[in-house]
Amino acid sequence: MNMHAARAGFGRDSLKTILGISVLAIRWDDAIALLTRLIAERRFTKVSFLNAHNANIAYSDPVFAEALDDFLILPDGIGVDLAAQLLYGAPFPDNLNGTDFVPAFLQASTRPLTVGLLGATRVNAEAASVKLAALAVQHNFVVIHDGYFSAAQEPEIIGRIAALRPDMLLVAMGVPRQELWIARHIDDRHCTMPIAVGALLDFLSGSVPRAPLWMRRLRLEWLFRLAVEPGRLWRRYVVGNPVFLWRVVKQRWSHGVETAGELR
């Protein structure tokens, strides 16, 4: 069972296991309330999101999978919804993708927070900080460093985080680097809630376009991203999505009908 889900007071009924990763099945508003409470109580909690791509990486990378077991994992995208439908007979209650959920959480959070930004390019991180400051004026946003640093620079960066001790640290380095970096370097001496946010800072900066709202509502944002960056993303989506679903089907078969029924 995911350690942070247990600490947050959620039982097994609130978790759906997708390819060995425990994902919290929770409504949008309840997730905002949960993160608000964890920060207010200063309960150190690592947060990440599971989509088909992350799940595929964790499936073949036991180090990454083990690291995720110590994160509070939220569901991201249509792939994990289809998986939950296949395995448990129902999709996740809401799509809590970080690109939409993290800014919405910051807007909804009334208590002033200090939010550190780590990752992306310096230009994109600064632009994202300006955008977030306009979206959620009650918070203080601080760019710690871009995501392009050497191992020799890490002690200084970690020291900077510890000196700031933000309530929330947005880490945007891509999967699995961002989760592994958090797992190896960040604990309750550095911040309250580190969140692995993927391309969030790039999206917020405007350097990477987002799908139109109608495509997002139809759960087709992956198709838009593939059209925008086919060279980088074709393997993730064209190859990765069918591989993910095949692995989920194998998980369903391995549990058997009786076991899967018990999980619902």
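Residues numbered from 1 in each chain as written. Predicted model: local features only at pLDDT ≥ 70, side-chain atom pairs only at ≥ 80, totals over all residues. Heavy atoms only, no water.

Student: Teacher, can you tell me more about the pairing of strand S2 (residues 21-24) here?
Tutor: Along a regular strand, successive side chains alternate from one face of the sheet to the other. Residue alternation in S2 divides its side chains into two sets, Ile 21 and Val 23 and Ser 22 and Leu 24, and both sets are buried. In textbook terms, the turn of a hairpin is the stretch between consecutive antiparallel strands, and for strand S1 (residues 15-18) and S2 this stretch comprises two residues, one of which, Leu 19, has a positive phi near 50°. (Buried < 20%, exposed > 50% of the residue type's maximum accessible area, 1.4 Å probe, protein only. Helix = DSSP H or I, 4+ residues; strand = E, 2+ residues; numbered from the N terminus. Pairing = 2+ DSSP bridges.)

Student: Help me out: how do you make sense of the pattern of salt bridges in this one?
Tutor: Two side chains that carry opposite charge are able to pair once their charged atoms sit near each other. Evaluation of the coordinates by the stated rule reveals 13 salt bridges. Of the charged contacts in the structure, one is a salt bridge between Arg 27 and Asp 94, with a shortest N-O distance of 3.8 Å. One end of the pair, Arg 27, is in the loop between S2 and helix H2 (28-40); the other, Asp 94, is in the loop between helix H5 (78-88) and helix H6 (98-108), and 67 residues separate them in sequence. Owing to a relative accessible area of 47%, Arg 27 belongs among the partly exposed residues under this scheme. A relative accessible area of 24% places Asp 94 in the partly exposed class. A salt bridge links Arg 189 to Asp 187, with the shortest nitrogen-to-oxygen separation between them at 2.7 Å. Each of Asp 100, Arg 210, Arg 216 and Glu 221 takes part in a single network of salt bridges with overlapping partners. (Salt bridge = Lys/Arg side-chain N within 4 Å of Asp/Glu carboxyl O.)

Student: Can you help me understand the environment of His 145 in this one?
Tutor: Relative to the helices and strands, His 145 resides in strand S6 (residues 140-145). Residue classification places His 145 among the buried positions, given a relative accessible area of 12%. Taking the C-alpha atoms as reference points, His 145 and Glu 179, 34 residues apart in sequence, are found 17 Å from one another.

Student: What's the story with the packing of aromatic side chains in this structure? I'm lost.
Tutor: How two aromatic rings sit relative to each other is set out by the distance from centre to centre and by the angle between their planes. The full count for this structure, using the stated rule, is four aromatic pairs. Their ring planes at 70° and their centres at 5.9 Å tell us that Phe 149 and Trp 181 sit as a pair that is edge-to-face. In this pair, Phe 149 is assigned in the loop between S6 and helix H8 (154-164) and Trp 181 in helix H9 (residues 177-185), connecting sequence segments 32 residues apart. Here the two residues Phe 149 and Trp 181 agree in accessibility, since each one is buried. (Phe/Tyr/Trp six-rings, centres within 6.5 Å; stacked < 30°, edge-to-face > 60°.)

Student: Explanation requested: the pairing of strand S8 (residues 193-196) in the structure shown.
Tutor: With burial as the criterion, each face of S8 is covered, one bearing Met 193 and Ile 195 and the other bearing Pro 194 and Ala 196. As paired strands, strand S7 (residues 168-172) and S8 are joined by four bridges and run parallel to one another. Counted as the bridge partner of Leu 169 is Pro 194 from S8. Regarding the hand of the β-α-β motif, the stretch spanning S7, H9 and S8 is right-handed. (Right-handed = clockwise from strand over helix to strand, strands pointing away.)

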